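One letter stands for each residue in the lines below.
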Amino acid sequence: MNYWLIKSEPDAFSIDDLKNCPGRKEHWDGIRNYQARNFIRDDMRKGDLVLFYHSSCPQPGVVGLCEIVSDAYPDHTAFDPSSKYYDAGSDPDNPRWMMVDLRYRRKTKRLISLEEIKRHADRLTGFPLIRRGNRLSIMPVDKAHWDLILSLE
DNA sequence: GCCAACGTTGGC
DNA sequence: GCCAACGTTGGC
């Protein structure tokens, strides 16, 4: 079982948006970064747990928990010319981009802000979220780091 | 809105 | 295969 953090801009898709989806479930499309793709394709498994993080907003931070409820499968938006995620270079017979389905579990009792998480940097060695210039939209979270972040709740 | 940091692209 | 230019991310 692996642990993850995924970023989403709340203006585009928030934790409440996920909660309000039919079945509280949505496919996580639009990942167009090879490192993130490799995590999805190679390491994400059904049952893995995810910290839902709001980025590019007044209060960036962890806002909830969700669960991976599918194995990785091709991201069909890459084949749709009308999609903003269209990628002419992705061959349907050999898809370049993958996605998984996420299901809402719960919101955290309060926002666990990036600023607060950074205060524990000494116990979060190697955690990509607090590395300068980090742009990964999907990243693995060590169990110890997971426990620490949720202990702040 | 600014800008640092990083990934990607493309010329050579 | 190098690397400059460009685009994007995301905190502030």
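Scroll up to find the structure this text is about.
All figures in this text were calculated on a predicted structure; none of them were measured in a lab.

Conventions used here
- The residue numbers shown here count from 1 along each chain, following its written sequence.
- To read the labels, note that chains go from A and ligands from 1, taken in the order they are written.
- It should be noted that, the model being predicted, local features are given only for residues of pLDDT at least 70 and side-chain atom pairs only at 80 or more, the latter also being counted only at that level, while totals for whole chains, interfaces and linings use all residues.
- Side-chain figures throughout are based on the complete set of non-hydrogen atoms in the structure, without hydrogens or water.
- For two strands to be treated as a pair, DSSP must find no fewer than two bridges joining them.
- Comment: elements are numbered from the N terminus, with helices defined as DSSP H or I runs of at least four residues and strands as E runs of at least two.
- With axes taken as lines fitted to C-alpha atoms, and helix axes fitted only over the stretch in contact, angles between N-to-C directions fall between 0 and 180 degrees.
- Contact criterion: two residues are considered in contact whenever any of their non-hydrogen atoms come within 4.5 Å of each other.
- Being near a molecule or strand, for a residue, means having at least one of its heavy atoms within 4 Å of it.
- Throughout this entry, Asp, Glu, Lys and Arg are counted as charged residues, while Ala, Val, Leu, Ile, Met, Phe, Trp, Tyr, Cys and Pro are counted as nonpolar. The remaining residues, Gly among them, count as polar.
- Throughout, exposure labels follow a simple rule: accessible area from a 1.4 Å probe, protein chains only, divided by the maximum for the residue type, with under 20% read as buried, over 50% as exposed, and the rest as partly exposed.
- Note that the arc is computed from the directions linking the helix axis to the C-beta atoms.
- Remark: nonpolar core denotes a set of buried residues (Ala, Val, Leu, Ile, Met, Phe, Trp, Tyr, Cys) joined through side-chain atoms within 4.5 Å.
- Stacked, edge-to-face and tilted labels apply to pairs of Phe, Tyr and Trp rings (six-membered ring for Trp) whose centres lie within 6.5 Å, assigned for plane angles under 30 degrees, over 60, and everything in between, in that order.
- Under this definition, polar contacts are N or O atom pairs within 3.5 Å; protein pairs additionally need one hydrogen-donor-capable and one acceptor-capable atom, and for neighbouring residues in sequence, both atoms have to be side-chain atoms.
- The way it works is a 1 Å grid over only the protein atoms, where trapped points that fit a 1.4 Å probe form a cavity and open points with protein on both sides within 12 Å along at least five of seven lines form a pocket, and then any residue with an atom within 4 Å of a point lines it.
- Grid points are joined across faces, edges and corners, and a volume is the space filled by probe spheres set on the points.

A. Broad picture of the sheet that holds strand β8 (residues 138-140). In space, the six strands of this open sheet follow the order β2-β7-β4-β3-β1-β8, with mixed pairing throughout. Every interior strand has two partners, whereas the edge strands, β2 (25-27) and β8, have only one. Between one strand axis and the next, the sheet turns through 35° on average, direction left out of account. Pairing between β2 and strand β7 (residues 101-113): three bridges, direction antiparallel. Across the sheet, the residue bridging to E26 is L102, located in β7. Against the sheet, helix α2 (residues 34-43) touches β1 (3-8) and β8, its axis set at about 55° to β8. Here helix α4 (residues 143-151) sits on the sheet and contacts β1, β3 (49-54), β4 (61-68) and β7; the angle it forms with β3, its principal contact strand, is near 55°.

B. The protein's contact with DNA strand B, seen in detail. In the vicinity of DNA strand B, the contacting residues are Y34, R132, G133 and R135. For DNA strand B, the backbone makes up 60% of the atoms found within 4 Å of the protein, where backbone means sugar plus phosphate. Looking at the surface near DNA strand B residue by residue, the classes come out as one nonpolar, one polar and two charged.

C. Representation of α2 within the structure. Buried within α2 we find A36, R37, F39 and I40. Mapping the buried residues of α2 onto a view down its axis gives an arc of 160°, with all of them on the same face. On its buried side, α2 packs onto β1, β6 (98-99) and β8.

D. Representation of the nonpolar core within the structure. The biggest cluster of nonpolar side chains holds 43 residues, and the ones touching the most others in it are L5, F52 and I138. For I138, the contacting residues outside a window of four places in its chain are W4, L5, I6, W28, I31, A36, F39, I40 and M44.

E. Examining α4 more closely. All buried positions along α4 are accounted for by H145, W146, L148, I149 and L150. Those residues of α4 hidden inside the fold are in contact with β1, β3, β4, β7 and α3 (114-118).

F. View of the packing of aromatic side chains. The full count for this structure, using the stated rule, is five aromatic pairs. Taken together through their ring pairs, the aromatic side chains of F13, W28 and F52 make up a single cluster.

G. The protein's contact with DNA strand C, seen in detail. The environment of DNA strand C is formed by K7, Y53, S55, S56, P60, L114, K118, N134, R135 and L136. One of the side-chain N or O atoms of K7 is found 3.0 Å from a phosphate oxygen in DNA strand C. The side chain of R135 places a nitrogen or oxygen atom 3.2 Å from a base nitrogen of DNA strand C. Here the residues of the surface near DNA strand C sort into four nonpolar, three polar and three charged.

H. Region of interest: the environment of P74. Of note, P74 is situated in strand β5 (residues 73-74). The residues touching P74, leaving out its near neighbours within four places in the chain, are P95, W97, M98 and M99.

I. Structural view of the layout of surface pockets. Empty space within the largest pocket amounts to approximately 530 Å³. What lines the largest pocket is a set of 19 residues, among which K7, S8, E9, D29 and Y85 lie closest to the centre. At the level of elements, β1 and β2 are the ones that each hand at least two residues to the lining of the largest pocket. For the lining of the largest pocket, the per-class residue count stands at five nonpolar, seven polar and seven charged.

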